[in-house]
Amino acid sequence: MAWTRGIAAAVAVLALGGCAGIAGQASPQLGAQAGPGPRPPDRDGNAVLTAMRQLDACALLDGPGMAAAGLPGNAGPTPIAPHSCSFMADRMFGDEIQVIVGADWSFAAAYHEAPMTIGGAKAYLQDLSLSGHSTCEIDIPTSFATAVQVRSTAGYQSKTNSCDQVKAAATTVVAKLGNPDAVAVPASRPLANWDGCSLLTKALGDLDPKKVKLDHRGHSQFDSCSADEQTGQDSSTPLGSVEMKYDSDPLSGANRKPQQVGDKTADVSDGSLCGVYWGLGASGSPDPLRGTTVVAVTLPGCDAAKALAVKIQKVLAGPAPSGAKPQRPLLYGAGDPDNDGVGGCLDFSVSDGACVPYQPFALPASFNDWFPAANSQPAIGCAIASDAVQEVFGDAYHAVVWGQHCFFVEPTHAFTITIDAATVYAPVRYGSDPSLYSNIQTVTVSGKQAKSFTDTPKSVKPGGPAYDEYNVYVSPHNDINQPGMIAGIAKATPVRGSAQDAQPDISRLKDLDQVMAKIIAKYVP
């Protein structure tokens, strides 16, 4: 973005709040916005965790659901981890569908993926295709942090449209999630009564949740866990990682280094990270390459890794987590919140609790009465632009305030408009570096001198546009060299859920000119 105002605004505040109002009180600042208000609560984490451990990833698609998803009778299922399952949609071309229980879910995932409704339940699609290789996944959230994921991957020479295939498979999965007790994991599934982070945290003992960050880094996220202790603002110390999977025997094959670790014979592989791998018997998978239940521990230094492996072994020899009463229902309805975003902030890219849906207010009639307040109240940018943005771009756009800026956002996340105003910055200073900006021009907007320019992206994809951002900085004094500006920035991005090599549509970037013309004509004398 061409202009960041946060620090400078603190230096050059023209605070209206100091004006006298009722004796002993300060008058409210023009444009001051109330906080975001109450946020939707998440589901009980322990209840969701129990429910996830009880699900059979294979049963979610197996049986009649396979035919409904267009899978042949010999497609599978093949358990690949305690809570992940694979189905071969086309063995000749290598087309595969995976069902992964307990996948990571977040506001960021919801923002980037395309929302959809399947069987009345919320779901999100992400096209991961790149350079003609078709991969597509659907996340079905079960809490603000977890989901059931269905992923379709086409083989190298396959012509399969993975997104069509994953939609068909997800329809079956959603239907079965509507009755989770009917798809309970069998007691014979090795390690299915564990999840990675419950296992690791019990092995590590008391952890300070304020200092220790847990993460999932394995292929099957729910079946893996990593712990890092924060030792500084930008530094951390790894405490260890564990992964449960169904794989080949870790002691078979070349270059193995068997050692006695605890009561198991393990393959110990040293490197930047030391890996300790041991088997726990047959997995029950029909795939001989996944015939062994394997536990893997990694940590810098083999002494530390082996010590952690012994702790993991002792935990696994004891009772599995009993868990809370499982979450019911598991699915979210189409209108239910699946993250803590509120209003228009659901369509804003940053989820740090600071975004506030714009609350309209009346501007004074005189330009000189409202313009100075813009230095400290970014909502003034929303006030002067709301009508113009909706007249030009439509009613789908909603204003939000974050930091020192007003943003107009919309549900496809393909276009964002920023409107800012300030008395202390001259338009001429922006867009001056030709290595960062191009198409730099001095123009006129509703009779006022202005400066317009586009960005110059550092990496332009083949066939992509030469720019994806357009800026217009208007001088309300009709002199771009004087301090004082009303700025508009339009940014185009690929539509949410689109393929990895998708290009932004920049065809409407310069419609920002119409918005700025309406603002200046209406509010600047």
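Keep in mind that what you see is a predicted model, and the values were worked out from it rather than measured. (Residues numbered from 1 in each chain as written. Predicted model: local features only at pLDDT ≥ 70, side-chain atom pairs only at ≥ 80, totals over all residues. Heavy atoms only, no water.)

**Brief notes about the sheet that holds strand 18 (residues 415-422)**
Put simply, the test is: Here a strand pair is declared whenever DSSP counts at least two bridges between the two strands. Per the convention used, a helix needs a DSSP run of H or I reaching at least four residues, while a strand needs a run of E reaching at least two, with both numbered from the N terminus. Here, residues are in contact when the closest pair of their heavy atoms is within 4.5 Å. Only the stretch in contact is used when a helix axis is fitted, and all axes are lines through C-alpha atoms; the angle between N-to-C directions ranges over 0 to 180 degrees.
Here we have 8 strands laid out as an open sheet, ordered 15-16-17-18-22-21-20-19, and antiparallel in their pairing. Where the open sheet ends on each side, the last strands, each with one partner, are strand 15 (356-357) and strand 19 (437-445). Note: strand 19 against strand 20 (residues 448-455), 7 bridges, orientation antiparallel. Bridging from a neighbouring strand, Thr 442 pairs with Lys 451 of strand 20. Of the strands in this sheet, strand 18, strand 19, strand 20, strand 21 (469-474) and strand 22 (485-492) are in contact with helix 10 (residues 512-523), which crosses strand 22 at around 155 degrees.

**A word on the pattern of salt bridges**
Formally: Note on definitions: salt bridges are taken to be side-chain nitrogens of Lys or Arg within 4 Å of carboxyl oxygens of Asp or Glu.
With the rule as written, the count across this model stands at 11 salt bridges. Measuring nitrogen to oxygen at the nearest pair gives 2.6 Å for the salt bridge that ties Arg 151 to Glu 137. A residue pair is termed long-range when its members are at least 10 positions apart, and Arg 151 in strand 7 (residues 146-153) and Glu 137 in strand 6 (residues 135-141) qualify at 14 residues. Residues Asp 247 and Lys 245 are paired through a salt bridge, measuring 3.7 Å at the closest nitrogen-oxygen approach.

**Describing the packing of aromatic side chains**
Selection rule: Centre distance within 6.5 Å is the pairing criterion for rings of Phe, Tyr and Trp, where only the six-membered ring of Trp is used; planes under 30 degrees apart are then read as stacked, over 60 as edge-to-face, and the remainder as tilted. Two limits define a charge over a ring: the Lys NZ or Arg CZ must be within 6 Å of the ring centre, and within 35 degrees of the ring normal.
One pass over the full model with this rule turns up 14 aromatic pairs. With centroids separated by 4.9 Å and ring planes inclined at 50 degrees, the aromatic side chains of Phe 348 and Phe 407 adopt a geometry described as tilted. You can see Phe 348 sitting in the loop between helix 7 (302-317) and strand 15 and its partner Phe 407 sitting in strand 17 (residues 405-409), a full 59 residues away along the chain. The rings of Phe 367, Trp 370, Phe 371 and Tyr 523 are connected pair by pair, giving a single aromatic cluster. Of note, Arg 43 hangs over the ring of Tyr 332, and the distance from its end group to the ring centre comes to 3.8 Å.

**Points about the pairing of strand 14 (residues 292-299)**
As a reminder, the rule being used: For every residue, the accessible area (1.4 Å probe, protein chains only) is compared with the maximum for its type, and the residue is labelled buried under 20%, exposed over 50%, or partly exposed between those bounds.
The element strand 14 is largely enclosed, with a buried count of 7 among its 8 residues. The pairing of strand 10 (residues 235-247) with strand 14 spans 7 bridges and is classified as antiparallel. Within strand 14, the position partnered with Glu 243 by the bridge is Ala 296.

**Details of the packing of helix 9 (residues 379-393) against helix 10**
Inclusion rule: In this scheme, roughly parallel covers angles under 35 degrees and roughly antiparallel covers those over 145, while 65 to 115 is roughly perpendicular and the rest are oblique. It is the rotation of the near helix from the far one that decides the hand of a crossing: anticlockwise by less than a right angle makes it left-handed, clockwise makes it right-handed. For this scheme, ten residues count as nonpolar: Ala, Val, Leu, Ile, Met, Phe, Trp, Tyr, Cys and Pro. Four count as charged, namely Asp, Glu, Lys and Arg, and the remainder, Gly too, count as polar.
For the pair helix 9 and helix 10, the least separation of the axes is 9 Å and the interaxial angle reads 140 degrees. Here helix 9 lies oblique to helix 10, going by the angle between them. Note on packing geometry: the crossing formed by helix 9 with helix 10 is right-handed. Here Ala 383, Ile 384, Ala 385, Asp 387, Ala 388, Val 389, Glu 391, Val 392 and Phe 393 of helix 9 come into contact with helix 10, specifically with Leu 512, Gln 514, Val 515, Lys 518, Ile 519, Lys 522 and Tyr 523. In terms of residue class, the contact of helix 9 with helix 10 is made up of 11 nonpolar, 1 polar and 4 charged.

**Some words on the nonpolar core**
How we decide: Working definition of a nonpolar core: buried Ala, Val, Leu, Ile, Met, Phe, Trp, Tyr and Cys residues. They are joined through side-chain atoms within 4.5 Å.
Core analysis: the biggest nonpolar cluster contains 44 residues, and Trp 370, Ile 384, Phe 408, Ile 417, Ile 486, Met 516 and Ile 519 have the highest contact counts within it. Looking at this core, the elements that each hand over two or more residues are helix 8 (367-370), helix 9, strand 16 (398-402), strand 17, strand 18, strand 21, strand 22 and helix 10. Per-element tally for this core: the top contributor is helix 9, with 10 residues. For Ile 417, the residues in contact, after removing those within four places along its chain, are Val 389, Phe 393, Tyr 397, Cys 406, Phe 407, Phe 408, Ile 489 and Leu 512. Met 66, Ala 170, Val 183 and Leu 331 belong to the second largest nonpolar core, which has 38 residues in total.

**Observations concerning the sheet that holds strand 10**
Across the sheet, 7 strands lie side by side as 8-9-10-14-13-12-11; this open sheet has antiparallel pairing. Only two strands of the sheet have a single partner each, and these edge strands are strand 8 (212-215) and strand 11 (258-261). Averaged over all neighbouring strand pairs, the angle between strand axes comes to 25 degrees, with direction disregarded. Helix-sheet contacts for helix 6 (residues 196-204) involve strand 8, strand 9 (224-232) and strand 10, and the interaxial angle to strand 9 is about 50 degrees. On top of the sheet, helix 7 reaches strand 10, strand 11, strand 12 (264-269), strand 13 (274-282) and strand 14; it is set at about 25 degrees to strand 13, its chief contact.

**Structural notes on the confidence of the model for the chain**
Rules: Think of pLDDT as the predictor's per-residue confidence, scored from 0 to 100.
Averaged over every residue, the pLDDT of the chain is 88; residues scoring 70 or more account for 93%. Within the chain, the lowest mean pLDDT, 29, falls on helix 1 (residues 6-11), and the highest, 98, falls on helix 10. Note that residues 1-26 has pLDDT below 50 and, in this model, 54 contacts with residues that lie over four places away or in other chains.

**Some thoughts on unusual backbone geometry**
With an omega dihedral of -5 degrees, the bond running from Arg 328 to Pro 329 counts as a cis peptide bond. Within the secondary structure layout, Pro 329 lies in the loop between helix 7 and strand 15. Of note, the phi angle at Leu 191 is positive, near 65 degrees, even though the residue is not glycine. Tracing the sequence through the fold places Leu 191 in the loop between helix 5 (162-177) and helix 6. Exposure remark for Leu 191: the relative accessible area of 13% places this residue in the buried category.

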